Amino acid sequence: MVADDFVDDEAQKLLGKIGVKLRIARQLTQAFDLLDLHRLDPATGGQSTFAVSGQPGFVLPASDGAMIVGMDQSIHRFADGAITDRVATIPMDPRNRLNDGTVDAHGRLWCGSMDDGETAATGAVYCVDRGRVSTVGGICPITNGPAVSADARTLYHVDTLA
């Protein structure tokens, strides 16, 4: 499944830049729970918490210092302490939400969804590549822990309930 109309031109530019900072040690660490997004500055110990209007499943650094947040059924940009833009909407079962994500060496965002009830095999793995959203497989209740090989030719993920 390819859903070109889910991503606008600005989002395509942003997604093309994701991943650059993954190779550089970050000065700020971002984390999340199912209600909030947290930021920790390891150098100072300073912490901040930001309420978001959904259930974050992953947070990844963008090349411009912002963060990319997979939340509910969409991918958003987080900058200056707030969700600022919707980058993409992922077409999925309405009972699902995004759960985990990673970026490969080519800047492609790989993310998984999960059944919110944690029982039905309705979760899947998606690839967002320069404006194109594709379902690439991984049908299971909860996709988790995506990782991409160094040559970016193989994607690994976990079926948490297997």
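Since this is a predicted model, take the numbers as computed values, not measurements. (Residues numbered from 1 in each chain as written. Predicted model: local features only at pLDDT ≥ 70, side-chain atom pairs only at ≥ 80, totals over all residues. Heavy atoms only, no water.)

The next subject is the nonpolar core. Counting 19 residues, the largest nonpolar core has F58, I75, I90, L98 and L109 as its most contacted members. Secondary structure elements with two or more residues in this core: β4 (56-61), β6 (74-79), β7 (82-89), β8 (96-103), β9 (109-115) and β10 (123-129). Beyond its immediate chain neighbours, meaning those up to four positions away, I90 contacts Q73, I75, L98, Y126, V128 and V133. With eight residues, the next largest nonpolar core counts L37, F50, V52 and M67 among its residues. (Core = buried A, V, L, I, M, F, W, Y, C linked by side-chain atoms within 4.5 Å. Buried < 20%, exposed > 50% of the residue type's maximum accessible area, 1.4 Å probe, protein only. Helix = DSSP H or I, 4+ residues; strand = E, 2+ residues; numbered from the N terminus. Contact = heavy atoms within 4.5 Å.)

For the structure shown, the criterion picks out six salt bridges. Ionic pairing is found between R77 and D85, a salt bridge with its closest N-O pair at 4.0 Å. Salt-bridge contacts for R95 lead to D93; the nearest nitrogen and oxygen are separated by 2.6 Å. Residues participating in the shared-partner salt-bridge network are D64, R77 and D85. (Salt bridge = Lys/Arg side-chain N within 4 Å of Asp/Glu carboxyl O.)

Moving on: the packing of aromatic side chains. Tallied over the full model, the rule gives one aromatic pair. An angle of 65° between the planes, with centres 5.3 Å apart, marks the rings of F50 and F78 as edge-to-face. In this pair, F50 sits in strand β3 (residues 46-51) while F78 sits in strand β6, placing the two residues 28 residues apart along the sequence. Side by side, F50 and F78 carry an identical accessibility label, which is buried. (Phe/Tyr/Trp six-rings, centres within 6.5 Å; stacked < 30°, edge-to-face > 60°.)

With respect to topology, four strands assemble into an open sheet ordered β8-β9-β10-β11, the strand pairing being antiparallel. The sheet is open, and its two edges are formed by β8 and β11 (132-140), each paired on a single side. The average undirected angle you get between the axes of adjacent strands in this sheet is 25°. Taken together, the seven bridges between β8 and β9 define a ladder with antiparallel strand orientation. The partner of N96 across the bridge, within β9, is D115. (Pairing = 2+ DSSP bridges. Axes fitted to C-alpha atoms, helices over the stretch in contact; angles between N-to-C directions.)

So, on to the sheet that holds β4. On the basis of which strands lie adjacent, the open sheet formed by four strands has the order β4-β5-β6-β7 and antiparallel pairing. Each of the sheet's edge strands pairs with one partner strand only, and the pair in question is β4 and β7. On average, each strand axis in the sheet is inclined to that of its neighbour by 25°, with strand direction left out of account.

The pLDDT averaged across the chain works out to 78; a share of 78% of its residues lies at or above 70. Note on residues 1-28: pLDDT is under 50 here. Beyond four places in sequence and across chains, it has 60 contacts. (pLDDT = per-residue confidence, 0-100.)

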